[in-house]
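Chain by chain, the residues:
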Amino acid sequence: DESDVAEITHYLEDKHNRVTPSNYHGIAKGKNVIVIFLESTQAFVIDKKINDQEVTPFLNKLKDESFYFPNFYHQTAQGKTSDAEFIVDNSLYPLSGGSVFVRKPKNEYLATPEILKKYNYYSASFHGNDSQFWNRLTMYNALGYDRFFSKEDYDVNDENSINYGLKDIPFFEQSMPYLLSLPQPFYAKFLTLTNHFPFLLEPEDQFIPELETEQGVVNRYFTTVRYEDEAIKSFFDQIKDTDLYKNSIFVLFGDHYGISKSYNDALSEVLGHEITVKDQVELQKVPFFIHVPGMKGEVINTVGGQIDLRATIFDLLGVENNDQTYSFGTSLLSNEDNRLVVFRDGTFTTDHYIYSEGTCYSKETSKKVKRNKCSSYFTQVQKELNYSDKIIYGDLFRFFKK
Ligand code: GP9
Ligand code: MN
């Protein structure tokens, strides 16, 4: 209840005071932000070759011209894409059951669109599925979006759609005029769709052939990821033809896993190693890039998760903490010892350790280690999840707002 507000505020402020500002603070001040959600895209596809062909040729190149975060994890639960959206826009954890988008659309939030309004940003979301899927239209109002371009704004027919909706290539193509019409600066997010379970794609859209393991889901996955990569490339090509390119930064990240545990037999065949409990956690890594046109590429090895994405963008934009950015995450561009990535089920990882299914593992050796290497984090892990839950269930941001 309301008495928790002081305690949680203190916890979050203390967390931020311990972070030293990054060298990149404010380098993208006033720029448009284009965020691309890579549907079901896991980090193992990056630089992966199948029969000598790259699965993500465009993203592999983009990596060399971007901040690339190879130790970045998704933190979603049952709400899948909607959880990824929730985490990224609020820097809060998802709920342990269901989707916050569906369960708590009437809450008060202090989401990215609202915070950026103080910097005169316009916010829009683009997605080629029905506007009420995951209760988006309703929740976007609560989060402060100015406009949602959904299925009804696109020309969607049998030829240009598959599975949940519009294919990614026509999606980006048809989005261009809308994007160009937005007031600037803007925060625009694009939710891709084609690389979605069960990864269906017509032969004419297949840029690499399907694999031939025992499990069709795994076989098709790499082919739909390859299509997604082509779609992103075509989007970049179109933007590069306009002034938007140099006035924008591009944030790309995987929303959640695509291949669940049930397909580990075939996946381990493709990856060339067995999948242990510790590997299962490592498989939750998703690609994360921030492309700032004109800047050289840099690999940022910091361990982090989706909860840190907003703070990282705010760091680049020069958004200050006193702008009521109550965040559980911190900028991955700033130095901070003792980083901790907490998953919804209480699993967690640090620079050196992984705690999963009651066991502590060393990341370096992949071996089980003494429990006390992990147990020092238990209190903080529970605090993170409890405080976030308290905010959501108690609608506490009502009281945070000054
Ligand atoms: C549907 C898209 C996919 O609109 O967001 O949803 P998911 O199943 O990944 O949550
Ligand atoms: Mn998704």
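Bear in mind the structure is a predicted one, so any value in this text is a computation, not a measurement.

Cut-offs and rules
- Just so you know, the residues in each chain are numbered from 1, in the order the chain's sequence is written.
- The lettering of chains begins at A and the numbering of ligands begins at 1, in the order of writing.
- Two thresholds apply to this predicted model, a pLDDT of at least 70 for residue-level local features and 80 or more for giving and counting side-chain atom pairs, whereas whole-chain, interface and lining totals are computed over all residues.
- Derived side-chain values reflect all non-hydrogen atoms in the structure, with water molecules and hydrogen atoms excluded from consideration.
- Counting from the N terminus, the helices are DSSP H or I runs at least four residues long and the strands are E runs at least two residues long.
- Radius of gyration here uses only the C-alpha atoms, and the compact-globule reference equals 2.2 Å multiplied by the residue count raised to the power 0.38.
- Using a 1.4 Å probe on the protein chains alone, a residue whose accessible area is under 20% of its type maximum counts as buried, one over 50% counts as exposed, and one in between counts as partly exposed.
- Any two residues having at least one pair of non-hydrogen atoms within 4.5 Å are treated as being in contact.
- Whether a residue is near a molecule or strand is decided by its heavy atoms; if any one of them lies within 4 Å of it, the residue is near.
- Polar contact criterion, stated in full: a pair of N or O atoms within 3.5 Å, where within protein one must be able to donate a hydrogen and the other to accept it, and residues adjacent in sequence count only if both atoms are side-chain atoms.
- Polar here means any residue other than Ala, Val, Leu, Ile, Met, Phe, Trp, Tyr, Cys and Pro, which are nonpolar, and Asp, Glu, Lys and Arg, which are charged; Gly is therefore polar.
- UniProt positions are given in the numbering used here, feature names are shortened, and annotations may be inferred rather than shown by experiment.
- Following DSSP output, two strands are said to pair if at least two bridges run between them.
- Criterion for a disulfide: a pair of cysteine sulfur atoms within 2.5 Å.
- What makes a salt bridge here is a side-chain nitrogen of Lys or Arg within 4 Å of a carboxyl oxygen of Asp or Glu, nothing more.
- The donor set covers N, O and S atoms within 2.8 Å of the metal, switching to 3.2 Å for Na, K and Ca, and it leaves out water, so a site may look short of donors.
- A site with four donors is called tetrahedral when every donor-metal-donor angle falls between 85 and 135 degrees; four donors are called square planar, and six octahedral, when opposite donors sit more than 155 degrees apart and all other angles fall between 65 and 115; any other arrangement is irregular.

Q: Provide a residue-level description of the overall build of the chain, including the pertinent values.
A: Of the regular secondary structure elements, the chain holds 14 helices and 18 strands. A globule of 402 residues ought to have a C-alpha radius of gyration of about 21 Å, and the chain, at 20 Å, matches this closely. In terms of principal-axis extent, the alpha carbons of the chain reach across some 60 × 50 × 40 Å. Relative to its 402 residues, the chain shows a buried fraction of 62%. Long-range pairs, those at least 24 residues apart, make up 74% of the contacts in the chain with a sequence separation of at least 6.

Q: Which residues make up the site of ligand 1, and what values do they have?
A: If you check the shell around ligand 1, you find E39, K80, T81, H127, N129, F133, W134, R136, L193, H196 and H256 and nothing else. The side chain of H256 places a nitrogen or oxygen atom 3.0 Å from an oxygen atom of ligand 1. Split by residue class, the shell around ligand 1 holds 3 nonpolar, 5 polar and 3 charged.

Q: How would you summarise the UniProt feature "binding site: Mn(2+)" (unreviewed entry) in the chain if you had to cite specific residues and measurements?
A: Residues annotated in UniProt with the feature "binding site: Mn(2+)" (unreviewed entry) correspond here to E39, T81, D255 and H256. Considering the C-alpha atoms alone, the annotated residues occupy 218 residues of sequence yet fold into one spot, their largest mutual distance being 7.7 Å. Locating D255 in the fold gives a position in the loop between β11 (248-254) and α9 (264-271). Given a relative accessible area of 0%, D255 falls into the buried group. Among all residues touching D255, those that are not within four sequence positions of it are F37, L38, E39, S40, T41, H74, T76, T81, A84 and Q306. Of note, H256 is situated in the loop between β11 and α9.

Q: How would you explain the sheet that holds strand β10 (residues 186-191) if you had to name every residue and give the values?
A: In space, the 8 strands of this open sheet follow the order β7-β6-β10-β1-β11-β12-β4-β13, with mixed pairing throughout. The two strands at the open ends of the sheet, each matched to only one other strand, are β7 (147-149) and β13 (298-299). Pairing of strand β6 (residues 122-127) with β7 involves 3 bridges; the strand directions are parallel. Across the sheet, residue S125 finds its bridge partner in β7, namely F148.

Q: I'd like a rundown of the state of the cysteines, residues and numbers included.
A: Applying the stated criterion to the full structure yields 1 disulfide. Each sulfur in the disulfide pair C360 and C374 lies 2.0 Å from the other. Looking along the S-S bond of the C360-C374 disulfide, the torsion reads about 75°, which is the right-handed sense. Residue C360 is found in strand β18 (residues 359-362), and its partner C374 is found in helix α12 (residues 372-375); the two are separated by 14 residues along the sequence. Neither C360 nor C374 differs from the other in exposure class; each is buried.

Q: Let's hear about the pattern of salt bridges: which residues, and what values?
A: Per the stated rule, a full pass over the model turns up 19 salt bridges. The salt bridge partner of K63 is D47, with a shortest N-O separation of 2.9 Å. Taken together, the residues span a long stretch of sequence, with K63 in helix α2 (residues 57-63) and D47 in the loop between β1 (32-38) and β2 (49-50) at a distance of 16 residues. For D47, a relative accessible area of 48% corresponds to the partly exposed category. Here R344 makes a salt bridge to D389, at a shortest N to O gap of 2.9 Å. Of this pair, R344 sits in the loop between β15 (341-342) and β16 (348-349) while D389 sits in helix α13 (residues 378-393), and the two are 45 residues apart along the sequence. There is no split in this pair, since R344 and D389 are both buried. Each member of the salt-bridge network shares a partner with another, and the members are E85, D89, R136 and K189.

Q: Kindly report on the coordination of the manganese ion (ligand 2), identifying the contributing residues and their values.
A: Of the protein atoms, only E39 (OE), E39 (OE), T81 (OG1), D255 (OD) and H256 (NE2) coordinate the manganese ion (ligand 2), at distances of 2.1 to 2.3 Å. Around the manganese ion (ligand 2) sit 6 donor atoms, and with donor-metal-donor angles ranging over 56 to 164° the site reads as irregular. Taken in sequence order, the residues that donate to the manganese ion (ligand 2) follow the motif E-x41-T-x173-D-H. Note that E39 is positioned in the loop between β1 and β2 and H256 in the loop between β11 and α9, a separation of 217 residues in sequence.

Q: Just give me the short version of the UniProt feature "binding site: substrate" (unreviewed entry) in the chain, but keep the residues and values in it.
A: Residues given the UniProt feature "binding site: substrate" (unreviewed entry) here are H196. As for its placement among the helices and strands, H196 is situated in the loop between β10 and α8 (216-240). Accessibility expressed as a relative area gives 18% for H196, which makes it buried. If near-sequence neighbours (up to four positions away) are discounted, H196 is found in contact with E39, S40, N163 and Y164.

Q: Could you give an account of the side chain of N264, naming the residues involved and the relevant values?
A: Its location among the elements puts N264 in helix α9. Judged by relative accessible area, N264 falls into the buried class, the value being 15%. Those residues in contact with N264, other than ones at most four positions away along the chain, are I275, Q280 and L283.

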